[in-house]
Amino acid sequence: MKTPLPDYLSETMLGCFDGGAVADYIPELANVDPDQFGVALCTPEGTQYEAGDAEVEFSIQSASKPFAYALALETRGAAGVEAHVNVEPSGDPFNSASVDEETGRPDNPMINIGAITTYALTAPDDWTAAERFEHVRAGLSAFAGRELSVDLDVYHSEIGTSYRNMSLAYLVRSIGHFELEPSEVVAGYTRQCAIRVTARDLAVMGMTLGTGGVNPVTGQRVVSEETAQRVLSVMSTCGMYNASGDWMTDVGIPAKSGVGGGIFGVLPGQVGAATFSPRLDGFGNSVRGVALFERLSQDMGLHLMGVPPASDAAVHTFTIDEAPETRVVLAFQGPLRFAQSERVLRAFEEIPINELPVHLDFSRVTSADRVALRMINEGIRRLGLDGHPLHIDDPKDVLRRA
Ligand code: GLU
C-alpha cells in the first residue's frame, strides 16, 4: 500500500485560497515567488510527509524566536531569562515597544522587542558576537537535524533598514535588561531571522519541541524537557502575533509564524507540522498557511483542547486458580499517565487483603510518565505491605524499579 498521507496533504492544499501580500518592509522578501506553497509533517518517530514546495528554502524570520528562546533558557535557566523577558501576551503588533510598565521587561520572547533581548541571553555575555551567533546557528541546526545557513541577501537587506529594531534594542538596553552593545544584538538577531529553512526543516524543528527536546530524526537531545514545555507554552499564548487568541481557539496548536511565509505548529507527542506560503494577512501570518492549519486541525483532530480518547483497556484483572496456588493477575497496557495510573490503583484497591500472590504484568505497557511512576510504585509498595507475595513482570523496565 502507498500511504495516503501525501495525497491528503496535496488535496487539502488545493482547498486553501490565497490572499494578502508578501512582506516588503524587508526589501529582499518582496523578491520571493509569492505563489510557492508547501506543507510538511513530522511524527514523533521521525517519519516525514510532505507536499508542494516543502523543500524550498526561505528565511525563517520570526519562526526562529521559539528556538532562540529555548537556547536562552538552556544557557541562563528559566529564572535567568524571566528576569529579563516576560511570558505575557502583548496583544500589540510584533514590532511594538511592549514592555511591562513597572519592570521594563519586554512582554514576551515572540515579539521583536522580547526576541532581541532573548538573543542577547542565548550565550554568556563574555562571548564574542561571532561565537554568540554561531551558538544560535548551530542550535537551530540541531533542532533541524542539518546544518542551516544564513541568507546574506536577506540579512543585508533587513539590517540596512532596521531602525525600528535598533530603537527597541536601545530601549531595552537603557532599561538594563541586557548588557551587550545594542547594535551587535540587533545584527545577531537579524542574522538569526535570515537563517534559511524549508517547511520540512520547520516540521522537524517543531517535532523536536513536541517530543520534549529530542530531535526525532537524529535522536539527539537538543534541549531539556522543561525547556521544550516552556517554549511550547509561550508559543500557545503569544506565537501568532496579535491573532494568537483566535488561532488557539480555531486551530488549537501551539505555533509560530514568520514574515518569510513560514508557520510551524506542534501537537506534543503527535505531530510537528509546517507550511510555507509567502503572502501574509494583516497580522503578518501566511494566508494559506493559516487556512491549511485550520483544515489540518479539523481533519486530523489536532486541537490541543480536544479530549484524548480514554484508554479504558489499561488494566485487565483476572484470577488464576491453578495448583499449587491461586494468584491474582493484573495485566496493563498502553501508555500510563495520571488517568491510567488512577485506574491501576483502583484495581490494586479491589484485591482482597489476604496472602494471595499477586502477579503484575507490565510487559504491554509502552511508557509511564513521572506521575505514573510515583503512583504505581507506591501502589506496589502498599500491596507488599498488605502481605501479598508479588511477582512483577516488567521486561522493558518501564517502572524503573531499582
Ligand atoms: N526579522 C523580522 C523583524 O524583526 C522578523 C519579523 C517577523 O517575522 O515577524 O522585523
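From a predicted model like this one, the values you see are computed outputs, not experimental measurements. Numbers given for residues are sequential positions, taken from 1 along each chain in its written order. Per-residue local features are limited, in this predicted model, to residues with pLDDT of at least 70; the limit for side-chain atom pairs, both in listing and counting, is 80 or more; totals at the level of whole chains, interfaces and linings are taken over all residues. Note that the side-chain values use all heavy atoms of the structure and ignore hydrogens as well as water.

Caption draft 1: Up close: the overall build of the protein chain. A run of DSSP states H or I qualifies as a helix once it reaches four residues; a run of E qualifies as a strand once it reaches two. Both are numbered from the N-terminal end. A count of helices and strands for the protein chain gives 13 helices and 11 strands. Over its C-alpha atoms, taken along the principal directions, the protein chain stretches across nearly 85 × 50 × 35 Å. For the protein chain, the residues scored as buried account for 50% of the 402 residues in total. Intrachain contacts of the protein chain at a sequence separation of at least 6 include 67% that bridge at least 24 residues. Roughly 17700 Å² of accessible area belongs to the protein chain as shown, and the carbon and sulfur atoms make up 52% of that amount. Categorising residues by exposure relies on relative accessible area from a 1.4 Å probe, with only protein chains included: less than 20% of the type maximum marks a residue as buried, more than 50% marks it as exposed, and the intermediate range marks it as partly exposed. Any two residues having at least one pair of non-hydrogen atoms within 4.5 Å are treated as being in contact. Note that accessible areas follow from Shrake-Rupley with a 1.4 Å probe, and for residues the cover is restricted to the protein chains shown.

Caption draft 2: Inspection of the pattern of salt bridges at higher detail. A side-chain nitrogen of Lys or Arg and a carboxyl oxygen of Asp or Glu constitute a salt bridge if their distance falls within 4 Å. Inspection of every chain in the model, using the stated rule, returns 19 salt bridges. Salt-bridge contacts for Arg295 lead to Asp299; the nearest nitrogen and oxygen are separated by 3.8 Å. One end of the pair, Arg295, and the other, Asp299, are both in helix α11 (residues 287-300), four residues apart, so they sit about a helical turn from each other. The class for Arg295 is partly exposed, based on a relative accessible area of 32%. We classify Asp299 as partly exposed; its relative accessible area is 41%. Members of the salt-bridge network, linked through shared partners, are Asp18, Asp35, Arg279 and Arg288.

Caption draft 3: Spatial organisation of the sheet that holds strand β11 (residues 390-393). What makes two strands pair is DSSP finding at least two bridges between them. Spatial ordering of the open sheet is given by β8-β9-β10-β11, a layout of four strands whose pairing is mixed. Looking at which strands have only one partner, the edges of the open sheet turn out to be β8 (315-322) and β11. The mean angle between the axes of side-by-side strands here comes to 20°, regardless of whether they run parallel or antiparallel. Across four bridges, strand β10 (residues 358-368) lies against β11 in parallel orientation. Following the sheet pairing, Asp361 is matched in β11 by Asp393. Axes, fitted as lines to C-alpha atoms, cover a helix only where it is in contact. Angles between the N-to-C directions of the axes lie from 0 to 180 degrees. Relative to strand β9 (residues 325-336), helix α12 (residues 338-349) is tilted by about 170°, and along the sheet it contacts β8, β9 and β10. Along the sheet, helix α13 (residues 370-385) contacts β9, β10 and β11; its crossing angle with β10, the most-contacted strand, is approximately 175°.

Caption draft 4: Looking closely at helix α1 (residues 5-14). Among all positions in α1, only Tyr8, Leu9, Thr12 and Met13 are buried. Looking straight down α1, one finds that the buried residues subtend no more than 135° of arc, so they occupy a single side. Every exposed residue of α1 that faces more than 90 degrees away from the buried side is listed here: Glu11 and Leu14. On the buried face of α1, the contacting elements are β1 (38-42), β2 (48-52) and α11. Directions are taken from the helix axis to each C-beta atom, and the arc is the one they span.

Caption draft 5: Focus on empty space enclosed by the protein. Cavities and pockets were defined on a 1 Å grid built from protein atoms only: a cavity is a group of points that admits a 1.4 Å probe but offers it no way out, a pocket is an open group of points flanked by protein on both sides within 12 Å along at least five of seven lines, and a lining residue is one with an atom within 4 Å of any such point. Grid points are joined across faces, edges and corners, and a volume is the space filled by probe spheres set on the points. Considering all chains together, one arrives at two cavities of 30 Å³ or more under this definition. Approximately 70 Å³ is the volume found for the largest cavity. Considering the residues around the largest cavity, the lining is formed by Val22, Ala23, Leu29, Val32, Phe58, Ser59, Val259, Gly260, Phe276 and Pro278. Residues of the lining of the largest cavity, tallied by class, amount to eight nonpolar, two polar and no charged. Estimated volume of the second largest cavity: approximately 40 Å³. Taken together, Tyr25, Gln61, Ser62, Phe94, Asn112, Glu158, Tyr189, Cys193 and Val259 form the lining of the second largest cavity. Residue classes follow a fixed rule: Ala, Val, Leu, Ile, Met, Phe, Trp, Tyr, Cys and Pro count as nonpolar, while Asp, Glu, Lys and Arg count as charged, and any other residue, Gly among them, counts as polar. Its residues assigned to classes, the lining of the second largest cavity comprises five nonpolar, three polar and one charged.

Caption draft 6: Spotlight on the nonpolar core. Counting 70 residues, the largest nonpolar core has Leu140, Leu202, Met205, Leu209 and Phe264 as the members making the most contacts within it. Setting aside residues up to four positions removed in sequence, Leu202 forms contacts with Phe58, Ile60, Ala63, Val197, Gly262, Phe264 and Ala274. Think of a nonpolar core as a cluster: buried Ala, Val, Leu, Ile, Met, Phe, Trp, Tyr and Cys residues, connected wherever their side-chain atoms sit within 4.5 Å. Phe37, Ile263, Phe293 and Leu302 belong to the second-largest nonpolar core, a separate cluster that totals 24 residues.

Caption draft 7: Geometry of the layout of surface pockets. Computed from the structure, the largest pocket encloses a volume of approximately 1600 Å³. In terms of lining, the largest pocket is formed by 37 residues, of which the most central are Gly210, Pro268, Gly269, Arg337 and Asp369. Listing elements by their share of the lining of the largest pocket, those giving two or more residues are α8 (199-210), α9 (225-238), β9, α12 and α13. Counting residues per element, the lining of the largest pocket draws most heavily on α9, which supplies seven residues. In this structure, the second largest pocket encloses a volume near 210 Å³. Every residue lining the second largest pocket is listed: Leu345, Phe348, Glu349, Ile351, Ile353, Met375, Glu378, Gly379, Arg382, Leu383 and Asp386. In terms of residue count, α13 provides more of the lining of the second largest pocket than any other element does, five residues in total.

Caption draft 8: Spotlight on the packing of aromatic side chains. Stacked, tilted and edge-to-face pairs are distinguished by plane angle, under 30 degrees for stacked and over 60 for edge-to-face with tilted covering the rest, among Phe, Tyr and Trp rings (Trp via its six-membered ring) whose centres lie within 6.5 Å. Inspection of the entire model under this criterion finds seven aromatic pairs. With a centroid separation of 5.0 Å and an interplanar angle of 25°, the aromatic rings of Phe67 and Phe264 are classed as stacked. Here Phe67, found in helix α2 (residues 65-82), pairs with Phe264, found in strand β6 (residues 262-267); they are 197 residues apart in sequence, far enough to count as distant. Accessibility expressed as a relative area gives 0% for Phe67, which makes it buried. With relative accessibility at 0%, the residue Phe264 sits in the buried group. Each ring, one from Phe332 and one from Phe362, has its centre 4.5 Å from the other, and the planes form 25°; the classification is stacked.

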